Amino acid sequence: MTGRRFGGAWALSLVLLVIPWSCGGSAFSSGQADSGANDGSLADGSVPDVGAHEAAPAQMDAGDAETGADVQAEGAVGGVVYVSPNGADANTGLSQLSPKRTITSALAEARTLPGLPEVHVCAGVYSETKLSISADVVLEGAYDCATWTRTASYGFPTFDGTNTTTIQNAAVTEQTATLIVSGAVTSSTIVEGFLIAGGTSPSLNVFGIHIASGASPLVKNDVVVGGSGAGGTTATGSVGILVDGTSAPEITACAIDGGSGSGAEGSLGVDLNTTGAVNLHDATVSGGSGTLATQSNNFVTIGVRVRASLPTSTPLLRLVIAGSGSNGANGRTVGLYVDGTGVSAGIAVCDISGGTSSVQSFGVYVTASGGTVALIDNRSDVDAEALQIGRAHV
């Protein structure tokens, strides 16, 4: 193995390519690597602090506020199912005046509707049991329960908290992920406008969202927190979003936090273990505030882990990644962890850091052998400080 020094980081020949490239614009300024996501405490249904990322590229605009008239017109044709904390699952949910109480019941009703149905959920806390999406649907939160409108700034990057719509896992022993999206779900499916919180368990590892079995939904304008689980000595305690199998979702304009779990690794923001064309871009990701179940040299918190090759057409793009939450972690932390034989990935990041650690932190850590990892960025703060290839094995 040979290497050469490049902008304060090691560029490993044949395996690691460091290519000057501009992320474009000033969406994420220097010093914003800490996503500021919360520690997973959501008892009051409040929106976690997602940091001071004031500006955002145009493609991340949450959109204009919707009018009640527009929403009612949609409902009039029977294409929308409404959900409210004041509703009842005995209702059809097809009118704003007779909403459902749970999202699970609303999704079941939506499957009986023609075309691409929508489920509109107004502000409140929803404790759901085995919440899953297995057919195309548009699932939207952040609506006002009186007017059925949304503010213009309900989503990324501000998440104004005006109509916070929180989804919690009411039965971790029945399903470890608060929301599972799987099967024949295409890019027509949208999940947006929610605070999705992973569950709490003393014996099970937990997830905010699990995208599986080839599903390819669009997840946007959501705050996702991994929760507080227990992975023992073999699994990560809590994960914000897990993507596995051949799934190929688009995840954008989200604030994702690994939570506060305990395990072989404590907490992890986004875990990519898919051979599908996953597209993660324009978002903030934090590893959270997890702890190790036993003393080891493992990473205690991880921002993004890549365990299968990413297509060259969809590199990780315009992300703010921090290895730990704003309070730091008691152990080794890493922002981006590329792990696995033959794993290849392109990463074009504007801001990446290892987070705050009491032991050691890395911006990027590569253990993959036989693959090509292209790190594409021209920011001096990343090149000189945050971007470190620690003990890269090739």
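Since we're looking at a predicted model, the values are computed, not measured.

## Observations concerning the overall build of the protein
Part 1 of the argument: Tallying secondary structure elements over the protein gives three helices and 29 strands in all.
Part 2 of the argument: Burial statistics for the protein: of 394 residues in total, 57% are counted as buried.
Part 3 of the argument: Residue pairs at least 24 apart in sequence account for 75% of intrachain contacts in the protein once pairs closer than 6 positions are excluded.
Part 4 of the argument: By element, 51% of the accessible surface of the protein is carried by carbon and sulfur atoms, the whole surface being about 14200 Å².

## Observations regarding the nonpolar core
Part 1 of the argument: In this structure, Ile-103, Val-119, Leu-272, Val-304 and Leu-316 are the most contacted members of the largest nonpolar core, which totals 58 residues.
Part 2 of the argument: In this structure Val-119 touches Val-81, Val-83, Ala-106, Leu-107, Ala-110, Val-137, Val-138, Leu-139 and Glu-140, once residues within four positions along its chain are discounted.

## Examining the pairing of strand β13 (residues 206–212)
Part 1 of the argument: Among the seven residues that make up β13, seven are buried, leaving the element largely enclosed by the rest of the structure.
Part 2 of the argument: The pairing of strand β10 (residues 177–182) with β13 spans five bridges and is classified as parallel. Considered in β13, the bridge of Ala-177 is made with Phe-207.
Part 3 of the argument: Where β13 lies against strand β16 (residues 236–245), five bridges are found, and the strand directions are parallel. Each bridged residue has a counterpart across the sheet, and for Ile-211 the counterpart in β16 is Val-243.

## A few points about the side chain of Ser-238
Part 1 of the argument: Mapping Ser-238 onto the fold places it in strand β16.
Part 2 of the argument: We classify Ser-238 as buried; its relative accessible area is 0%.
Part 3 of the argument: Only 3.4 Å separates the side chain of Ser-238 from the backbone oxygen of Gly-227, close enough to count as a polar contact.
Part 4 of the argument: Within the structure, the side chain of Ser-238 is placed 2.9 Å from the backbone nitrogen of Gly-261, a separation counted as a polar contact.
Part 5 of the argument: Once residues lying within four places of it in the same chain are set aside, the contact partners of Ser-238 are Val-206, Gly-226, Gly-227, Ser-228, Gly-229, Gly-258, Gly-259, Ser-260, Gly-261, Gly-266, Ser-267 and Leu-268.

## Looking at unusual backbone geometry
Across residues other than glycine, the phi torsion is negative in most instances, and most of the peptide bonds are trans.
Part 1 of the argument: Here the bond from Phe-156 into Pro-157 is cis, since omega is 0 degrees, no more than 30 degrees from zero.
Part 2 of the argument: As for its position among the elements, Pro-157 is in the loop between β8 (138–143) and β9 (165–169).
Part 3 of the argument: Here the phi dihedral of Lys-130 falls at roughly 55 degrees; this positive angle occurs in a residue that is not glycine.
Part 4 of the argument: Inspection of the secondary structure assignment puts Lys-130 in the loop between β6 (124–128) and β7 (132–133).
Part 5 of the argument: The residue Ala-253 is not glycine, and still its phi comes out positive at about 55 degrees.
Part 6 of the argument: As for its placement among the helices and strands, Ala-253 is situated in the loop between β17 (250–252) and β18 (255–257).
Part 7 of the argument: You can call Ala-253 buried: its relative accessible area is 4%.

Rules used throughout
Residues numbered from 1 in each chain as written. Predicted model: local features only at pLDDT ≥ 70, side-chain atom pairs only at ≥ 80, totals over all residues. Heavy atoms only, no water. Helix = DSSP H or I, 4+ residues; strand = E, 2+ residues; numbered from the N terminus. Buried < 20%, exposed > 50% of the residue type's maximum accessible area, 1.4 Å probe, protein only. Contact = heavy atoms within 4.5 Å. Areas by Shrake-Rupley, 256 points an atom, 1.4 Å probe, with all protein chains shown as cover. Core = buried A, V, L, I, M, F, W, Y, C linked by side-chain atoms within 4.5 Å. Pairing = 2+ DSSP bridges. Polar contact = N/O pair within 3.5 Å; in protein donor to acceptor, adjacent residues only side chain to side chain.

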